[in-house]
Structure formats: structure tokens, C-alpha cells
Amino acid sequence: MSFQTDLFASVQGNRQSGLHLLDAFRPRMGKRYAAQRNMDAGPGNHRAVSRLSPFIRRRLVTEQETVIAAVRAHGPEEASKFIEEVFWRSYFKGWLERRPSVWAAYCTGLEQDLAQSRSDERRWASVEAAETGATGIACFDFWAQELVETGYLHNHARMWFASIWIFTLRLPWRIGADFFLRHLIDGDPAANTLGWRWVAGLHTRGKAYEAKAWNIEKFSGGRFTPTESGLASNVASLVAEEPGGLPRPGPLRPVRTATPGTTTALLITEEDCQSEEFDLSAFDIRACATLAGSPLRSSRPVGRAVAEFERTALEDAAARVGRPADALDAANGADLAGWAVSIGVKQVVTPYIPEGPLRDWLHPHLAALDANGIAFCELRRDWDSAVWPHATASFFKVKDRIPEILEATGVSK
Ligand SMILES: Cc1cc2nc3c(=O)[nH]c(=O)nc-3n(C[C@H](O)[C@H](O)[C@H](O)COP(=O)(O)OP(=O)(O)OC[C@H]3O[C@@H](n4cnc5c(N)ncnc54)[C@H](O)[C@@H]3O)c2cc1C
């Protein structure tokens, strides 16, 4: 099977490419998106959806400018479905920020699942068959290969795939989530973990997502014709695995404010590739570095396209800041504190680093910076500060506030 025709073949990991995609999709953000977004037309034909996720994930294009484009082109009513989908991302980011223990539990649970599955030959053979597209379930096998080869799956395919992985193949959901995170170019600790939890009935507690044969046939445009008997029916959520229920949402993590006039190093990560959007004029910036981190997504190999997209995104982000940047590599022994000490700065400033592998990697490095009297300061976007306080329960709490958030962030002007 070859996916050479996929549209991603022509997409570069830089802002220009993202803006081009945003512009091209602008006319389709209104009624057409609402009517057609659930259709998965297959690789090379994903034209009913924007495919902006690898850019939005790295903020090469922000949620805010995506929503502005939709509102200006179609108005908030006609573009409401598209705007809501963008808000799902902001909601998931905020939800995980307020419950970091869910990310920590995913990480430890995944290592346990991997150890247990590897120790069971038959179980591990099933995992490998699922990941290589050799289960005999034609649609599922196709999506496994599409994911690995293109780094993208349509949202509906992600839902079907996760449901079949969990309920038909009965494989551990965290290994499936890890498979996605390793290969999705847009792979994101919040959207992915919570997307899988949603399918498993762990997010909307007790309500699992069932992949139905008629639904797959209809929304794949007849490309696949699975039988009902080949897929699990009456799926039961995995809530029994988490008898303690969901943790209560905590307050947002306070960020240390950078001091104007102090010698500063600017750090750019794939968590936000538009540092120039922040007002950096008050800081005495002496040096800049990019910090690559995508191999941290998993203890297993991460797709080459993921690291390549990150590499070009970081280069592009540094170029837009207009400074030469040292290239640090978190997966290859980067010494953040040593770098900051070597250039003699008193603070490191970076756009906010949310929950996920890079934040986990940072912990010991923050202690080392601290020990050297160097402050680590984060810049949080107004968008996040407007959405995250409402990400305490279901999406609907955020959805209800969309008009208010658009007003507060100046989008509706
Ligand atoms: C099991 C599972 C895993 C997922 N893993 C990821 C992931 O790792 N990274 C990721 O960005 N999205 C993830 N999603 C959400 C969604 O599938 C993708 O964001 C979407 O398919 C990206 O394609 P697009 O840009 O063409 O989307 P469009 O339909 O054009 O939507 C526009 C933007 O809205 C956001 N968005 C849309 N749908 C969702 C959603 N359900 N949840 C969160 N944000 C959304 C994305 O930023 C997307 O780029 C996952 C969904 C599921 C069910």
C-alpha cells in the first residue's frame, strides 16, 4: 500500500505552510465544514477538514488566528462547528493542565501495560499485528498503515480505530494511545490522551464510543464495508479500571514572571513556535536556543516525520525571532542549566510548556537552573488564560462561554 499521494507530502513544518493551508481552507470553514467534516475520504483526499493540526499543535498557527479566520469568513454562527472543534483542543489542553495526575497516571500505566504485554507472547503478537496493520480487519489495518506512512488520520478514523483497538481487539488503550502519539505529526499529550480516554468512556464517564459497521461504511464513502459481527457490540466503558473516578480539577500552575532589563536567554520549543507574538522588547536578550523534544513522546521509537516536522518548525521559529539559535536536544543529553550558565544570563524565558513529556523532562533541569540562581519564566497566552479556567468538567462548560471568550480575546471585533 502506498500513500504517496497524501497532501502532507507537500506540507512543510513552517508557519508559511500553515498560513497557506489556513488560507486555502478559509472558504470551507462554514456550512461546508458542518455538513462534511465527518466524511473520511482517505489519504490524499482529506479536503472536508483543515489538516491544520500539526501547525496548531505547535502554534505555528494559533487557535486564535484560526478562529479569527473562521469568524471573518463566515461569521460566528455559520462557522460555529469549526470554531467548536478548535475549542475542543483548547479545552483538552486546559483540562489536563488542571489535572496533571491524569498525565502522570497515563505514563506509569503505559510502562506497566508494555511490560505486561511484552511478557505475554500472544498478547504482544496481537499488539504487533495491530500496529503493522495485520489484524484481518480491513479498515483498521488500512488506518494503521495510513497513520504510520502519512502521520495523520481523520478524526473519525481516530475514533473508529481507538474503539476497535480497545473493544474488538481488547488491547490496552494506553499502548494504542502511545502508537498514535509516536506517529501522529500533530501528536499532543492532551488531545491524544483525552481523545483515547473519551473513546474508552473514561472522560465522559461510562459513555464509551462504539465503532459501528454502518457508520464506518457511510462515513468512509463506502471504501470499507466491515460486518457488524466483526466488530464488538454493546461496548462497556473502562470505568471499572479507575474506581476512584476523575481527580478534582486543581488551580492553574502559577508561572514565574520574567523581570524586565535582566539578562535573558530565549528558549523555543515545539509547544509554541511563535515567540515573536509576545512582547519581548523589555528583556535584555543575550542568546536564543531551540529545544527539540519529540523523541520524548515515548520510550518506543517515534516516527521520523514527527521529528522532521519538529526540526523544521523550530528552525523556522528561531528564524522569525531573528536571532541565531543554539540547537539543544532534550533526548540527547541537553544541559539547559549548563547552557544558560555558559552565556551568563539571569533568566530563561519561554512560551508556556504545558503538561506532557517535555514538561516532565524539564523538572530536574529546573532544579539545576534554580541552583545556579537562574529564573525560569514562562509566557502564557491570553487565549489559554481565557479558556483554561473553564476547563473544569465537560466541554459544554467551555462551549457555553465561547462568545464571551471571543469577546475577551478580541476575536469578535
Ligand atoms: C483517539 C483520538 C486521538 C487524537 N489525538 C490527537 C492528537 O494527538 N493531536 C491533535 O491535535 N488532535 C488529536 N485528536 C483530535 C482530532 O482528531 C484532530 O485534532 C483532528 O483530526 C485534526 O485534523 P484537522 O486539523 O484536519 O481537524 P479539523 O477538523 O480541521 O479541526 C480544526 C482543528 O481543531 C482541533 N480539533 C478538531 N477536532 C478536535 C478534537 N476532537 N479534539 C481536539 N482538538 C480538535 C485541531 O487543532 C484541528 O486542527 C484525537 C482524536 C481522537 C479521537
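Residues numbered from 1 in each chain as written. Predicted model: local features only at pLDDT ≥ 70, side-chain atom pairs only at ≥ 80, totals over all residues. Heavy atoms only, no water.

### A closer look at the side chain of T290
Convention followed: Helix and strand definitions follow DSSP, with helices as H or I runs of at least four residues and strands as E runs of at least two, each counted in order from the N terminus. Only heavy atoms matter for contacts: two residues are in contact if any of them lie within 4.5 Å across the pair.
Mapping T290 onto the fold places it in strand β2 (residues 284–292). Residues in contact with T290, not counting those within four places in the same chain, are I268, L314, A318, A325, D326, A327 and L328.

### Section: helix α7 (residues 121–132)
Put simply, the rule reads: Take the residue count of a helix, subtract one, and multiply by 1.5 Å to get its expected span. Partly exposed residues are those whose accessible area sits between 20% and 50% of the maximum for their type, while under 20% is buried and over 50% is exposed, using a 1.4 Å probe and protein chains only. In the analysis that follows, any N or O atom pair within 3.5 Å is treated as a polar contact, provided that within protein one partner can donate a hydrogen and the other can accept it, and provided that, for residues neighboring in sequence, both atoms belong to side chains.
With twelve residues, α7 extends 16 Å between its outermost C-alpha atoms, agreeing within 8% with the 16 Å of an ideal straight helix rising 1.5 Å per residue. W124, V127, A129, A130 and E131 are the residues of α7 that are buried. Check the buried side of α7 and you find it contacts α6 (100–118), α8 (138–150), α9 (155–168) and α10 (173–183). The N-cap residue of α7 is D120: its side-chain oxygen and the backbone nitrogen of R122 are 3.2 Å apart. At the C-terminal side of α7, G133 shows a positive phi close to 75°.

### Some points on the site of the ligand
Rules: Distances are taken per atom, and a residue is near a molecule or strand as soon as one of its heavy atoms is within 4 Å of it. In short, Shrake-Rupley with a 1.4 Å probe defines the accessible areas, and a residue's cover is counted only from the protein chains shown.
The full set close to the ligand counts 27 residues, and Y33, S50, R51, Y152 and N155 are the nearest of them. Take Y152: an N or O atom from its side chain is 2.9 Å from an oxygen atom of the ligand. Between a nitrogen atom of the ligand and a main-chain N or O atom of D186, the distance comes to 3.0 Å. Bound to the protein, the ligand loses 96% of the 810 Å² it would expose on its own. Elements represented by at least two residues in the shell around the ligand include exactly α3 (53–57), α5 (80–98), α9 and α11 (189–199). Here the element with the most residues in the shell around the ligand is α5; it accounts for six residues.

### Some remarks on the packing of aromatic side chains
Basically, it comes down to this: Between rings of Phe, Tyr and Trp, where Trp is taken as its six-membered ring, a pair exists when centres lie within 6.5 Å; planes separated by under 30 degrees are stacked, by over 60 edge-to-face, and by other angles tilted.
The final tally for this structure, using the stated rule, is 25 aromatic pairs. Summarising the aromatic geometry, the rings of W165 and W196 are spaced 6.1 Å apart at their centres and angled 85° between planes, so their arrangement reads as edge-to-face. Taken together, the residues span a long stretch of sequence, with W165 in helix α9 and W196 in helix α11 at a distance of 31 residues. Taken individually, W165 and W196 each receive the classification buried, so the pair is uniform in this respect. The interplanar angle of 65° and the centroid separation of 6.1 Å between the aromatic rings of F395 and F396 together place this pair among those described as edge-to-face. The exposure class of F396 is partly exposed, given its relative accessible area of 49%. Through a chain of ring-to-ring contacts, the aromatic side chains of F140, F161, W165, F179, F180 and W196 assemble into a single cluster.

### Re the sheet that holds β2
The line we're drawing: Pairing between strands requires that DSSP locate at least two bridges from one strand to the other. Geometry is summarised by axes, namely lines fitted to C-alpha atoms with helices restricted to the contacting stretch, and by angles between N-to-C directions that run from 0 to 180 degrees.
Taking strand neighbours across the sheet as the criterion, the five strands line up as β3-β2-β1-β4-β5 in an open arrangement whose pairing is parallel. Every interior strand has two partners, whereas the edge strands, β3 (326–329) and β5 (375–379), have only one. For this sheet, the mean inter-axis angle between neighbouring strands, taken without regard to orientation, is 30°. Where β2 and β3 come together, four bridges link them in parallel fashion. For A289, the partnering residue across the bridge sits in β3 and is D326. Helix α15 (residues 357–371) rests against β1 (263–269), β2, β4 (347–351) and β5 of the sheet, and its axis sits at about 140° to β5.

### Thoughts on helix α13 (residues 304–321)
Turn by turn, an α-helix covers 3.6 residues, leaving residues three or four places apart pointing in a common direction. The terminal C-alpha atoms of α13, which comprises 18 residues, lie 26 Å apart, in line with the 26 Å expected from a rise of 1.5 Å per residue. If you check which residues of α13 are buried, you get V306, F309, E310, T312, A313, L314, D316, A317, A318 and V321. Packed against the buried residues of α13 are α1 (15–25), α3, α10, β1 and β2. G322 occupies a position one or two residues after α13 and carries a positive phi of about 80°.

### Looking at the pairing of β1
Counting buried residues along β1, seven of its seven residues qualify, which places the element largely inside the surrounding structure. Burial along β1 is two-sided: the face carrying T263, A265, L267 and T269 and the face carrying T264, L266 and I268 are both buried. One ladder, built from seven bridges, connects β1 with β2; its direction is parallel. Along β2, the bridge assignment pairs A265 with A287. Here β1 runs beside β4; their pairing, made up of three bridges, is parallel.

### Digging into the nonpolar core
The test is simple: Residues belong to a common nonpolar core when they are buried Ala, Val, Leu, Ile, Met, Phe, Trp, Tyr or Cys residues joined through side-chain atoms within 4.5 Å.
One finds F87, W143 and W165 to be the most contacted residues of the largest nonpolar core, which totals 107 residues. Top element by residues in this core is α9. It accounts for nine residues. Beyond its immediate stretch of four places on either side in the chain, F87 contacts V67, W383, V387, F395, V398, I402, I405 and L406. With 21 residues, the next largest nonpolar core counts A287, A334, A340 and V345 among its residues.

### Focus on the side chain of E310
To keep things clear, this is the line we draw: A positive count includes Lys and Arg, and a negative count includes Asp and Glu. His and the chain ends are not counted in either. The working definition used for a salt bridge is a side-chain nitrogen of Lys or Arg within 4 Å of a carboxyl oxygen of Asp or Glu.
Counting through the fold element by element, E310 comes out in helix α13. Although E310 is buried, it makes no salt bridge; R58 carries the closest opposite charge, 6.2 Å away.

### Points about the environment of S275
Mapped onto the elements of the fold, S275 is located in the loop between β1 and β2. Between the C-alpha atoms of S275 and R59, which are 216 residues apart in sequence, the distance is 9.5 Å. Residue contacts for S275: discarding those within four places in its chain leaves L266, I268, L280, V321 and P351.

### Observations regarding the domain arrangement of the chain
What counts, and what does not: The split into domains, and so the bounds of each, comes from an automatic or database assignment of domains. The term buried area refers to how much accessible surface (probe radius 1.4 Å) is lost by two components on association, counted for both of them together.
Taken domain by domain, the chain holds domain 1 (7–97 + 387–408), domain 2 (106–241) and domain 3 (263–379). Just the C-alpha atoms count here: the centres of domain 1 and domain 2 sit 23 Å apart. Residue-level contacts link 21 residues of domain 1 with 25 residues of domain 2. The junction of domain 1 with domain 2 conceals about 2,000 Å² of combined surface from both sides, 63% of it contributed by carbon and sulfur atoms. Three residues, N38, D40 and F92, lead the burial of domain 1 against domain 2; their summed loss comes to 29% of the area buried on that side. Counting every contact that joins domain 1 to domain 2 gives three salt bridges. Inspection of the domain 1/domain 2 interface yields twelve residue pairs in polar contact (both at pLDDT 80 or more).

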